[in-house]
Amino acid sequence: MIQNVAVLTNAELPTRAEAALAEKLGCDIHSPSDGNQHKPLFVLSWRAGRLTLISTAADAPGGLCVDFSGAALLRRARDGLAKQGLGKAVGLKKRPLPTVLDATAGLGNDAFLLASAGCRVQMLERSPVVHALLEDALRRACNAQDTNVITTPEQNASSEVSADELLVRAVQQLTLMHADFLTTPLGENSVDVVYLDPMFPADRKTAKSGKGMFLLQALLGEDCAEREMLTRAQSVASSRVVVKRGKRSGFLAGVKPEISFRGSSSRFDVYLQTP
Ligand SMILES: C[S@@+](CC[C@H](N)C(=O)[O-])C[C@H]1O[C@@H](n2cnc3c(N)ncnc32)[C@H](O)[C@@H]1O
């Protein structure tokens, strides 16, 4: 049973989709007419066709949804990831491209960027609420795939890839699983790269703490099993483990990586696996 989160309905009776989501997540259904007595801290609601997480706190920022078709994300995907910290850390110059297990998928941004660069990326997310947001984004992207004309001859001839095509190509490389990385069965050396981006402590303000991260931190708190995460990642990755950290944060579990790549707001620590 999920505490603190309910599915919001604005009708007298919940819609079928609202009832199904509440059943799947094992959470209550909340209606504004319930008043403040049992008001949950967060509600989930479809806004403009997107499943959105909304804090019910008076001073809360707007809602949070996962949107792989957002202009900023697509711009970053176009910007040549191989030259950026994330791409260098994962080893995008290698051929064949590495397979990646994103063990802490979150809002899926990093997974999407790696998939748009051509990597096969499996996303794991343990929070049922965050998993539902990701699942909804993938569903919408797949619907776009079914309805959009993917390429025109002009686009095929030019090196410029349309936003729709970029989205479709990336989504085809992504899979999603609702699972805890520490407990779900995974083979040893079963993937080239394990990527970790655990939650930061809420009081450490970094550039990561945009609206999305702020809401995620309020919902999930911080992740603390650092040593277990790193040890598990090192047993599952055959080539390397990449850990995303705040620019000035300490190393995961205090373990020094072999290489670090610095981005504008993040650092990517690389732990190489010995063959
Ligand atoms: C900081 S967010 C990741 C953000 C992500 N890199 C992105 O680009 O949007 C961390 C996420 O990891 C998830 N997480 C933490 N520990 C996990 C575990 N053991 N297994 C699966 N997911 C985990 C949390 O629920 C949270 O959604």
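Our subject is the structure that appears above.
This section reports on the structure supplied with the text.

The rules behind the values
- Residues numbered from 1 in each chain as written.
- Predicted model: local features only at pLDDT ≥ 70, side-chain atom pairs only at ≥ 80, totals over all residues.
- Heavy atoms only, no water.
- Helix = DSSP H or I, 4+ residues; strand = E, 2+ residues; numbered from the N terminus.
- Rg over C-alpha atoms; globule rule 2.2 N^0.38 Å.
- Buried < 20%, exposed > 50% of the residue type's maximum accessible area, 1.4 Å probe, protein only.
- Contact = heavy atoms within 4.5 Å.
- Lys, Arg positive; Asp, Glu negative; His and termini not counted.
- Charge placed at Lys NZ, Arg CZ, Asp CG, Glu CD.
- Near = heavy atom within 4 Å.
- Polar contact = N/O pair within 3.5 Å; in protein donor to acceptor, adjacent residues only side chain to side chain.
- Areas by Shrake-Rupley, 256 points an atom, 1.4 Å probe, with all protein chains shown as cover.
- Phe/Tyr/Trp six-rings, centres within 6.5 Å; stacked < 30°, edge-to-face > 60°.
- Lys NZ or Arg CZ within 6 Å of the ring centre and 35° of its normal.
- Arc of directions from axis to C-beta.
- Pairing = 2+ DSSP bridges.
- Axes fitted to C-alpha atoms, helices over the stretch in contact; angles between N-to-C directions.
- Core = buried A, V, L, I, M, F, W, Y, C linked by side-chain atoms within 4.5 Å.

Of the regular secondary structure elements, the protein holds 9 helices and 11 strands. The globule rule puts the C-alpha radius of gyration for 275 residues at 19 Å, and the 19 Å found for the protein is close to it. Taking the principal axes of the C-alpha coordinates as reference, the protein spans close to 60 × 50 × 35 Å. Counting the 275 residues in the protein, one finds 45% classified as buried. In the protein, 62% of the contacts between residues at least 6 apart in sequence involve partners at least 24 apart. Seen as two clouds, the 32 positive and the 29 negative side-chain charges of the protein have centres 8 Å apart.

Glancing now at the site of the ligand. Every one of the 22 residues lining the ligand counts as a neighbour, but Asp-110, Glu-125, Asp-180, Phe-181 and Asp-197 are closest to it. Side-chain polar atom of Asp-197 to a nitrogen atom of the ligand: 2.7 Å apart, as the coordinates give it. For the ligand, the accessible surface in isolation is 610 Å², of which the surrounding protein chains cover 99%.

Let us look at the packing of aromatic side chains. Evaluated as defined, the whole model comprises 1 aromatic pair. For the pair Phe-68 and Phe-112, a centre-to-centre distance of 5.1 Å together with 10 degrees between the ring planes defines the contact as stacked. Residue Phe-68 is located in the loop between β4 (50-55) and α2 (71-78), and its partner Phe-112 is located in helix α4 (residues 109-116); the two are separated by 44 residues in the primary sequence. We classify Phe-68 as buried; its relative accessible area is 2%. We classify Phe-112 as buried; its relative accessible area is 0%. Over the face of the ring belonging to Phe-181 we find Arg-232, whose NZ or CZ atom lies 5.6 Å from the ring centre.

This part covers helix α9 (residues 226-236). Along α9, the residues classified as buried are Met-229, Leu-230, Arg-232, Ala-233 and Val-236. Buried residues along α9 cover an arc of 165 degrees about the axis, so they all sit on one side. Residues of α9 that are buried make contact with β5 (100-102), β8 (191-196), β9 (237-246) and β11 (266-272).

A few words now on the sheet that holds β4. Spatially, 4 strands are ordered β2-β1-β3-β4 in an open sheet, and the strand pairing comes out mixed. Here the strands that pair on one side only, and so sit at the sheet edges, are β2 (28-30) and β4. Ignoring strand direction, the axes of neighbouring strands in this sheet form an average angle of 40 degrees. Sheet topology note: the strand β1 (residues 5-8)/β2 ladder contains 3 bridges and is parallel. Residue pairing for β2: Ala-6 is matched across the bridge by Asp-28. Its contacts with the sheet place helix α1 (residues 16-25) against β1, β2, β3 (42-47) and β4, and it is angled at close to 140 degrees to β3.

Looking now at the pairing of β8. Successive residues of a regular strand alternate their side chains across the two faces of the sheet. In terms of burial, β8 is a largely internal element, 5 of the 6 residues being buried. Sheet topology places β5 next to β8; 3 bridges connect them, and they run parallel. Paired with Val-100 across the two strands is Val-193, which belongs to β8. Pairing between β8 and β9: 5 bridges, direction parallel. Within the sheet, the bridge partner assigned to Tyr-195 lies in β9 and is Val-242.

Counting 57 residues, the largest nonpolar core has Leu-44, Phe-68, Phe-112 and Leu-114 as its most contacted members. Sort the elements by how many residues they give to this core and helix α5 (residues 128-147) lands first, with 9 residues. Discounting chain neighbours no more than four positions away, the residues touching Phe-68 are Leu-73, Leu-74, Leu-107, Gly-108, Phe-112, Leu-134, Ala-137, Leu-138 and Leu-167. Ala-103, Leu-124, Val-191 and Ala-233 belong to the second largest nonpolar core, which has 17 residues in total.

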